Amino acid sequence: MPALLRRRGLTQGLVIMKIESLLSAGCIALDVELETKNQVIDKMLSIVSGHAGIRDALRLRDDVLRREQEMSTGIGKKIALPHAKTPAVSQPVLALATLKQELNFDSIDNEPVRIIFLLATPETMLAEHLKLLGRITRLAGRADFRERLIASKSPSEVLDLFREEEKDFPQI
């Protein structure tokens with residue numbers, strides 16, 4: 001935390017984060033075998049079901065599905081990013097899965113997906129929500145990063161990848 005902020009008393013309520021600090025090994029699933037978009041979303045929600053930041057799992061599911069109905073979160077380049085700003089969480093919740101086989105996610109580029117991120121943030125964290133979405137798409141938008149992510153054999157390898165890639169990025 002910058003010393004100037006501490007000296008001026010501006011650190012109270014300030015949330016400083018990076019993807020690697022939000023993502024835990026328990027919220028990473030690799031080489032998952034699924035066949036439909038709904039199965040993917042349900043799997044992602046089951047991955048985060050024990051997360052301490054979830055206040056209401058049913059509301060979270062409803063909000064993620066509602067957002068998906070508005071417009072597909074298949075963002076292209078083999079990535080899907082189901083997300084929601086919701087009172088169902090008290091803090092940012094992030095999960096990641098890679099799929100064994102590509103599947104149709106109604107992506108904007110009409111390509112199937114292999115990498116899924118689930119992001120849920122409190123409604124009061126709009127700026128952080130947008131910054132996290134941007135950070136995820138910036139990293140995962142790079143072909144070399146996606147290849148390394150798909151090739152990862154363990155959650156710790158995924159966390160190391162994010163740690164390495166984010167080392168020069170500012171905190172969100």
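In this report, the structure presented in the accompanying data block is examined. This one's a predicted model, so the numbers in the text were calculated from it and none came from an experiment.

What counts and how
Residues numbered from 1 in each chain as written. Predicted model: local features only at pLDDT ≥ 70, side-chain atom pairs only at ≥ 80, totals over all residues. Heavy atoms only, no water. Core = buried A, V, L, I, M, F, W, Y, C linked by side-chain atoms within 4.5 Å. Buried < 20%, exposed > 50% of the residue type's maximum accessible area, 1.4 Å probe, protein only. Helix = DSSP H or I, 4+ residues; strand = E, 2+ residues; numbered from the N terminus. Contact = heavy atoms within 4.5 Å. Pairing = 2+ DSSP bridges. Expected span 1.5 Å × (residues − 1). Arc of directions from axis to C-beta. Polar contact = N/O pair within 3.5 Å; in protein donor to acceptor, adjacent residues only side chain to side chain.

Considering the nonpolar core
Then, number 1: In terms of nonpolar packing, the biggest core is built from 28 residues, with Val40, Met44, Val48, Leu60 and Leu99 touching the most fellow members.
Then, number 2: Looking at this core, the elements with two or more residues in it are β1 (28-32), α3 (37-47), α4 (57-70), β5 (93-103) and β6 (113-121).
Then, number 3: Ignoring any residue separated from it by four or fewer positions in sequence, one finds methionine 44 in contact with Ala95, Leu96, Ala97, Ile116, Phe117 and Leu118.
Then, number 4: Met17, Phe117, Met125 and Ala140 belong to the second largest nonpolar core, which has 26 residues in total.

Concerning the pairing of β5
Then, number 1: Here β5 lies mainly inside the structure; 8 of its 11 residues are buried.
Then, number 2: Note: β1 against β5, 3 bridges, orientation parallel. Across the sheet, residue alanine 29 finds its bridge partner in β5, namely alanine 97.
Then, number 3: Pairing of β5 with β6, which is carried by 7 bridges, proceeds in the antiparallel orientation. Residue alanine 97 lies in a different strand from β6, and its bridge partner there is isoleucine 116.

A few points about helix α7 (residues 155-166)
Then, number 1: Taking 1.5 Å per residue as the helical rise, α7 with its 12 residues ought to reach 16 Å, and the 16 Å between its terminal C-alpha atoms agrees with that figure.
Then, number 2: The complete set of buried residues in α7 reads Val158, Leu159, Leu161, Phe162, Glu165 and Glu166. Along the axis of α7, the buried positions cluster into a sector of 155°, meaning they face one direction only.
Then, number 3: For α7, the secondary structure elements touched by its buried residues are α2 (19-22), β1, β5, β6, α5 (126-140) and α6 (143-151).

Digging into the pairing of β6
Then, number 1: For β6, a buried count of 9 out of 9 residues is recorded, marking the element as mostly surrounded by other parts of the structure.
Then, number 2: In the sheet, strand β3 (residues 79-80) pairs with β6 via 2 bridges, with the strands oriented parallel. Bridge assignment links alanine 80 to a residue of β6, and that residue is isoleucine 116.
Then, number 3: Relative to β6, strand β4 (residues 83-85) runs parallel, the two sharing 3 bridges. Bridge pairing links histidine 83 to leucine 119 in β6.

Description of the side chain of serine 72
Then, number 1: Looking at the secondary structure, you find serine 72 in the loop between α4 and β2 (74-76).
Then, number 2: Accessibility expressed as a relative area gives 14% for serine 72, which makes it buried.
Then, number 3: Within the local environment of serine 72, its side chain forms a polar contact with the backbone nitrogen of glycine 74, the two atoms lying 3.0 Å apart.
Then, number 4: A distance of 2.7 Å separates the side chain of serine 72 from the backbone oxygen of phenylalanine 105, its partner in a polar contact.
Then, number 5: When neighbours within four sequence positions are excluded, serine 72 is seen to be in contact with Lys37, Phe105, Asp106 and Ser107.

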